Amino acid sequence: MLKVLAILMFISNTAYAYVDLNLSYTLSMRKVEGVETDENPDPGSAMTTTTGYLINWAWFMWEYTALEFNYSKTTQRVVDDREVTITDDGGDPFIIQEVDQVIITEVNGIGIRQAFANRKAKFIPSLAIGYAQYTTSGSTKYTTKSNDDDPEVSEQEQDQEVFSSSYASISIRYKFTQLMGLTLAAKTIMPDFDTAQASSNVTYSAGFSWMF
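Since we're looking at a predicted model, the values are computed, not measured.

**Student:** What should I look at first to understand the packing of aromatic side chains in this one?
**Tutor:** In this description, an aromatic ring pair is defined by two values, namely the gap between the centres and the angle between the planes. Applying the stated criterion to the full structure yields 7 aromatic pairs. Ring centres 5.4 Å apart and planes at 80° place the aromatic pair Y174 and F176 in the edge-to-face group. Overall, F176 belongs to the partly exposed group, its relative accessible area being 41%. By the ring-pair criterion, three or more aromatic residues cluster together here, those being F123, Y174 and F176. Cation over ring: R119 sits above Y18, and NZ or CZ is 4.1 Å from the ring centre. Its end group placed over the ring of Y167, K187 keeps NZ or CZ at 4.9 Å from the ring centre.

Here's what the structure looks like:
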C-alpha cells in the first residue's frame, strides 16, 4: 500500500500531472402541435423535455494522455395529449387521451483521453475512447377512456437494462484563464459494443472545465 501511495505521489509531482474537470448541463424542449380539423378543433400536442448532466474527470499523467472517468444521467419526458380513438368492428370506441413517458439513461465510463495540444494552448482538442456501463429505465402512464366512463390512469414500468458498452468522444476546450475554460463535446455510446448504434446514441454538451 505504501509503495502504491509513493508511486501516486511521484506521478502527481511530475511536470505533466494535472486534472481536467468538466461539468456540463443540458436542457432541451420541443413541442409538436396536433393537426386541427373541424371535427377536432383542440387536437392537443406532444411535448418533449430532456434534461441531463455530465461529470468528466481526466487525470493527465503525461503531457497529452490522461486516464478519464465520466458519469452522465439523462431524463427524457414525453407528454402526448393528442387523443387517439380506436374502434373495433362492432365494438365501442376506446380513447387514449394522454401518454406520459419517462426514459432515464445513465452512463458510467472509464477510458483514455488523448489531447492534441498542451495545457497552455488557447484551444485544446481531444479524443477519448473507453468502456462504459449503459443503463436504461423508465415508465409510461396511459390515460384512457371508454364509453361515458371516467378516465382511467394505468402505469407500466420499464425493466432496468444494463449493457456493457464502449464510448467515444471528441471535445474542444477554450481557455478563459489559466485554470478555467469552456468545453464543447460530442459523445457516442455503443451498447453491446455494436458500432452500428453509434449514430443513434450521440449526446452534445457544453460546460465549464477547470485544470488544476
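**Student:** Is there a simple way to think about the pattern of salt bridges in this case?
**Tutor:** Pairing between side chains of opposite charge can happen when their charged atoms approach one another. Summed over all chains, the structure comprises 5 salt bridges. Between R77 and D100 there is a salt bridge; the shortest N-O distance is 2.6 Å. Of this pair, R77 sits in strand 3 (residues 65–80) while D100 is found in strand 5 (residues 93–115), placing the two residues 23 residues apart along the sequence. Judged by its relative accessible area of 43%, R77 is partly exposed. One connected set of salt bridges, linked through shared partners, spans D20, E68 and R113.

Conventions used here
Residues numbered from 1 in each chain as written. Predicted model: local features only at pLDDT ≥ 70, side-chain atom pairs only at ≥ 80, totals over all residues. Heavy atoms only, no water. Phe/Tyr/Trp six-rings, centres within 6.5 Å; stacked < 30°, edge-to-face > 60°. Buried < 20%, exposed > 50% of the residue type's maximum accessible area, 1.4 Å probe, protein only. Lys NZ or Arg CZ within 6 Å of the ring centre and 35° of its normal. Salt bridge = Lys/Arg side-chain N within 4 Å of Asp/Glu carboxyl O. Helix = DSSP H or I, 4+ residues; strand = E, 2+ residues; numbered from the N terminus.

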